[in-house]
Every structure is written in C-alpha cells, then in structure tokens.
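# Breakdown of the fold
Now for the letters of each chain:
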Amino acid sequence: MSSETLQTFLQTNLQDLKEHGLYNEIDPLESANGQMITINGKTLVNLSSNNYLGLATDERLKQVAKEAIEHYGVGAGAVRTINGTLDIHLKLEQTIAKFKGTEAAISYQSGFNCNMAAISAVMDKNDAILSDELNHASIIDGCRLSRATVIRFNHSDMEDLRAKAKAAKESGKYNKLMVITDGVFSMDGDIAKLPEIIEIAEEFDLMVYVDDAHGSGVLGKGAGTVKHFGLQDKVDFQIGTLSKAIGVVGGYVAGRRDLIDWLKVRSRPFLFSTAVTPADAVAATKAIELLMESTELNDRLWENGDYLKKGLKSLGFNIGDSETPITPCIVGDEKLTQTFSKRLFEEGVYAKSIVFPTVPKGTGRVRNMPTAAHTKEMLDQALTVYEKIGKELGII
Ligand SMILES: *Cc1c(COP(=O)(O)O)cnc(C)c1O
C-alpha cells in the first residue's frame, strides 16, 4: 500500500516543476566523462565537466586503481574508525597534507561530506558563522547542521563582511566566530578576496574556512587558492574535493594536526559512513603526486581556458569577469539560454545552461569548463558552433 499523502505530494510538485520548465532531465553518458562524450549515440565536445585536468581517464590513475582492486578488493569494508582505515587511506592523507602545506589532513567520501563534517564538529548554537551569500549548497547545509547563527554577507563585499564581523564581535553574543568562503566561485569563476578576508579575520578573531573545490588543481600552479595567495599559515580549514580537478571522488580537510585529530573523533561522516574504496584512495593519491611533480597539466588547462575565452570574446559573447578557466557565456533571458544550450547540443557541443535560481534572474548563462585534455581542434570546433548558433539566435 502506498501512502496517498506521498502520492499527492509528488504528483503536484513534479507536475508544477514540469509546467514551469524547471524539471531537470538528466542526459546519461555512454562514454567516459572526458573531453569528448557520447550521449544518445551522438559525439560531443564536452564543456561541462569539472574534470579540469583530464585526470578522470588518465592511464596512470587507471593502472594504480586496477592494482589496488587486485590487492585490496573493491570496498573498504567499514567506517574509518572501526577497521575501514587501510594504509592507502593514510598515504592519501599524508599526500594531501604535503600538497596543501599543512601539518595534517583528513579525507572524506566527498567534498559535500567535508562540509557536513567539519563545520558542525567545531561550531555550535552559541557560535556565529559569516558566510558569503554565493557559497556552495554544501556549505549552507553544513552551517545549518551546526546550529550556529549564520550571518550572510554580500558576495565578496569586504565592507559588508567587516561591518558584520564587527557587529558580531561587539555584540558579545557568540562564543566563537568563523568566516566561510568558496575559494573560487563556480558560476562566475571569480576568486575569493582571501588577503582581505584574513585581515578582517585577524582584526575580529574569526576562524577562517576556505572551501577550494574549484581552486585546487587550478590556481596556485595546482595547489589551490590559498597557495595562490601564499596564505597557508593563515587559513584554519582548507577544504577540497578529490572529485573535480583530481578526477576521482572524495574530499578532504587540511589544517593543523590538533584540528585533524579532533575531526577524527568528532566528525560524523568519518565515524558513521564507510571509507572510500581502495581504487579511489590510490587513484586520488596518484593524481596529487602527478600535480606535485609537474605543472604540465595545469599549464595546459590555463592555455586552453585563455584560448576559449579569447575566442568567445572576439565573437562578441559576454563572458563575464572570470579569473579562472571557468568561462560563462552570459545570455540573460532564461528561455533563450536554454534554447542556446539545446542548439549547441544539436550541433555537437555539450555546454549546460545555468539559470535562476542557481544564478540571479536575467543572468542565464551557458557555462564552459575547458580542460587540459581538450585539443585546439576541439576548441575550434566548439567556437565554430558558438558562432553559428550565436548568430542564428541573435545573441551576437
Ligand atoms: C563541488 C563542490 C563541493 C562538493 O564536492 P563533491 O566532492 O562533489 O561532493 C563542495 N564545495 C564546493 C564549493 C563545490 O564546488
């Protein structure tokens, strides 16, 4: 017997989404999520993955993953604190700490989980968190889970942050204060103003928490946004993901040793959810080792990003003010943005449309994520299609 209440709830809401064109249909890939992808038998230039360095299909990572499966099997078998900690998990964490220039690191099953884990392990209802209004959904949820008071500040607005930090400090209402920001904001590709954030944090005694999911592997010659600014000693929590530039799956918190020791006994996803698989652990370790050995992939990512940006700009598209390879093509009108993305697809380019409520109304965009693995020919093919469809729809 199925619940009638549930049935009514689902039917009403699903129908509502579909009527408003807000129901997201998922296109399954029949190939790896590489520089070219296959959907419905059609081959497309892929400009929508977070696989910035092309590592998701790297032969060196595949090889160590296969060896790990042979040696350790396909699952870790338990949560980290029972007996799911394999030596390769520790090696991964040591490698992350070296990569980030911190005393220690702890790994989780995803970047999303890091924010579920770390914020509520340190903050509680007597504390307050200053949070950039454009912070990632997992930060928002992590803050909620902690029950701390959340004080949102206007996006990268340092005057607003300073005023709100001052008010929070002077109110005397809170035990602890923290400021949280994305390192790189994924919709526009802009970088957090970390030097100013640190200055304000020092003035008002705020802990500093940077989620660098889109900055790691990209900025600071690959080491991330914190390294980009040379601020490793000033950031208390460096959060990252192993699922984007690193090309595998998982996440981590890097910081001082006592923080990591605390998270190992108090962060719930570490205590109550099974560790990542052996193949994931060794593949992520290998990816980070490759990044520390050579900047080749990082250099190629920036070269491709600059090439695509220059091409789109000279065609007359509005590419916003991105400071990273993330290249939005801002169309404006939501319906037109969706039509644009659909026409790109028909002509062989996969670039997803992003519209309200993910971005503000009237700033609908198609977002392009070039990677180190794209060739000039692929990018030229994409630019040719962009020109054709841009003119067809009167966008350029
Ligand atoms: C993508 C992203 C995450 C989630 O990372 P996953 O490893 O995919 O769970 C967390 N924070 C930010 C800022 C992100 O962009």
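In this text, all values refer to a predicted model and were calculated from it rather than measured experimentally. (Residues numbered from 1 in each chain as written. Predicted model: local features only at pLDDT ≥ 70, side-chain atom pairs only at ≥ 80, totals over all residues. Heavy atoms only, no water.)

### Let's talk about the overall build of the protein
Across its full length, the protein holds 15 helices and 13 strands. For 396 residues, the compact-globule estimate of 2.2 N^0.38 gives 21 Å, and the protein sits close to it at 22 Å. Within the protein, residue pairs in contact and separated by at least 24 positions form 71% of the contacts whose partners lie at least 6 positions apart. Roughly 18,400 Å² of accessible area belongs to the protein as shown, and the carbon and sulfur atoms make up 51% of that amount. Charge centroids of the protein, computed over 44 positive and 53 negative side chains, lie 1 Å from each other. (Helix = DSSP H or I, 4+ residues; strand = E, 2+ residues; numbered from the N terminus. Rg over C-alpha atoms; globule rule 2.2 N^0.38 Å. Contact = heavy atoms within 4.5 Å. Areas by Shrake-Rupley, 256 points an atom, 1.4 Å probe, with all protein chains shown as cover. Lys, Arg positive; Asp, Glu negative; His and termini not counted. Charge placed at Lys NZ, Arg CZ, Asp CG, Glu CD.)

### Describing the site of the ligand
As a matter of local geometry, the ligand sits amid 14 residues, with Gly-111, Asp-211, Thr-241, Ser-243 and Lys-244 nearest to it. His-136 is positioned with one of its side-chain polar atoms (N or O) 3.4 Å from a nitrogen atom of the ligand. Within the side chain of His-214, an N or O atom sits 3.4 Å from an oxygen atom of the ligand. No other element matches the three residues that helix H5 (residues 111-122) contributes to the shell around the ligand. Along the lines of polarity and charge, the residues of the shell around the ligand split into two nonpolar, nine polar and three charged. (Near = heavy atom within 4 Å. Polar contact = N/O pair within 3.5 Å; in protein donor to acceptor, adjacent residues only side chain to side chain. Nonpolar A, V, L, I, M, F, W, Y, C, P; charged D, E, K, R; others polar.)

### Section: the pairing of strand S3 (residues 104-108)
Burial analysis of S3 places five of its five residues in the buried class, which makes it a mostly covered element. Of the strand pairs in this sheet, S3 and strand S9 (residues 251-255) are connected by five bridges, and their pairing is antiparallel. Paired with Ala-104 across the strands is Gly-255, a residue of S9. (Buried < 20%, exposed > 50% of the residue type's maximum accessible area, 1.4 Å probe, protein only. Pairing = 2+ DSSP bridges.)

### Points about the packing of aromatic side chains
When we look at a pair of aromatic rings, we describe it by the centre distance and by the angle of the planes. Taken as a whole, this structure holds six aromatic pairs when the rule is applied. With centroids separated by 6.2 Å and ring planes inclined at 75 degrees, the aromatic side chains of Tyr-108 and Phe-270 adopt a geometry described as edge-to-face. You can see Tyr-108 sitting in strand S3 and its partner Phe-270 sitting in helix H11 (residues 268-272), a full 162 residues away along the chain. For the pair Tyr-108 and Phe-270, one class covers both residues: buried. Between Phe-317 and Tyr-386, the aromatic rings sit 5.4 Å apart at their centres with planes inclined by 85 degrees, giving edge-to-face as the arrangement. With Phe-317 in the loop between helix H13 (296-315) and strand S10 (327-332) and Tyr-386 in helix H15 (residues 376-392), this residue pair connects regions lying 69 residues apart in the sequence. Per residue, the accessibility class of Phe-317 equals that of Tyr-386, and both read buried. Each member of the aromatic cluster is reached from another via a ring pair, and the members are Phe-317, Phe-340 and Tyr-386. Positioned above the aromatic ring of Tyr-23, the side-chain terminus of Lys-18 is 4.7 Å from the ring centre. We note Lys-376 situated over the ring of Tyr-307; from NZ or CZ to the ring centre the distance is 5.0 Å. (Phe/Tyr/Trp six-rings, centres within 6.5 Å; stacked < 30°, edge-to-face > 60°. Lys NZ or Arg CZ within 6 Å of the ring centre and 35° of its normal.)

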